[in-house]
Structure formats: C-alpha cells, structure tokens
Amino acid sequence: MKVKIFDEESEKDLEEAVNKFLEESEKEIVDIKYQVSCAMLGEEQIYCFSAMIIYY
C-alpha cells in the first residue's frame, strides 16, 4: 500500500492534480482523503487544499 499527497493553493489546482494522477495511474485506489485549512497572515487569509490518495 502506498500514498500520494497533493497540496495546492486553490481547489481548482487540487482538482486538476488529482484528476491527472487518477487518469495516468493504473493503480487500485483504496481511499481518497480531502482537507481544507485556513490561516490568517496579517490581513490576508491563506487557504490550503490537500488530498491524500491511498492505493496499491
């Protein structure tokens, strides 16, 4: 069993990265975990969109 981690600044970038991995991979996907986090840096909000794909 292996994992692949994706960490992007926008949901669109994450979607494209995950879809590309799934299209190019002939692996058996076990699960996909998705997470969004948000932080403040002064007046700026920073978002982090991440996914972990568990596969064989």
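In this text, all values refer to a predicted model and were calculated from it rather than measured experimentally. (Residues numbered from 1 in each chain as written. Predicted model: local features only at pLDDT ≥ 70, side-chain atom pairs only at ≥ 80, totals over all residues. Heavy atoms only, no water.)

**Q** Explain the nonpolar core to me, using residue names and the numbers behind them.
**A** Membership of the largest hydrophobic core is limited to nine residues, which are F6, L14, A17, V18, F21, F49, A51, I53 and Y55. Looking at this core, the elements that each hand over two or more residues are α1 (11–24) and β3 (44–55). What L14 contacts, discounting residues up to four positions off in sequence, is F6, E8, Y34, F49, S50 and A51. (Core = buried A, V, L, I, M, F, W, Y, C linked by side-chain atoms within 4.5 Å. Buried < 20%, exposed > 50% of the residue type's maximum accessible area, 1.4 Å probe, protein only. Helix = DSSP H or I, 4+ residues; strand = E, 2+ residues; numbered from the N terminus. Contact = heavy atoms within 4.5 Å.)

**Q** How would you summarise the packing of aromatic side chains if you had to cite specific residues and measurements?
**A** Scanning the model with the defined rule gives three aromatic pairs in all. Ring geometry for F6 against F21: centres 5.8 Å apart, planes inclined by 70°, an arrangement best described as edge-to-face. Of this pair, F6 sits in strand β1 (residues 2–8) while F21 sits in helix α1; the two residues are 15 residues apart in sequence, bridging distant segments of the chain. An aromatic cluster of three or more residues is present, and its members are F6, F21 and Y55. The aromatic ring of F6 is capped on one face by K4, whose charged end is 5.7 Å from the ring centroid. (Phe/Tyr/Trp six-rings, centres within 6.5 Å; stacked < 30°, edge-to-face > 60°. Lys NZ or Arg CZ within 6 Å of the ring centre and 35° of its normal.)

**Q** Report on a negative patch on the surface, specifying residues and quantitative values.
**A** Residues D7, E9, E11, D13, E15 and E16 make up a contiguous surface patch of negative charge. If one sorts the elements of the negative patch by residue count, α1 sits on top with four residues. Given a relative accessible area of 34%, D13 falls into the partly exposed group. (Patch = residues over 30% accessible without salt bridge, like charges linked within 9 Å, V, L, I, M, F, W, Y side chains within 5 Å. Areas by Shrake-Rupley, 256 points an atom, 1.4 Å probe, with all protein chains shown as cover. Salt bridge = Lys/Arg side-chain N within 4 Å of Asp/Glu carboxyl O. Lys, Arg positive; Asp, Glu negative; His and termini not counted. Charge placed at Lys NZ, Arg CZ, Asp CG, Glu CD.)

**Q** An account of α1 is needed here, citing residue identities and associated values.
**A** Here α1 contains 14 residues, and its C-alpha end-to-end distance of 20 Å stays within 8% of the 20 Å for a straight helix at 1.5 Å per residue. Every buried residue of α1 is listed here: L14, A17, V18 and F21. Viewed end-on, α1 has its buried residues packed into an arc of 95°, placing them on one side of the element. In α1, the exposed residues that point more than 90 degrees away from the buried face are E23 and E24. Considering only its buried residues, α1 is in contact with β1, β2 (29–41) and β3. (Expected span 1.5 Å × (residues − 1). Arc of directions from axis to C-beta.)

Fair warning: the whole summary comes from geometry, so function is off the table for now.
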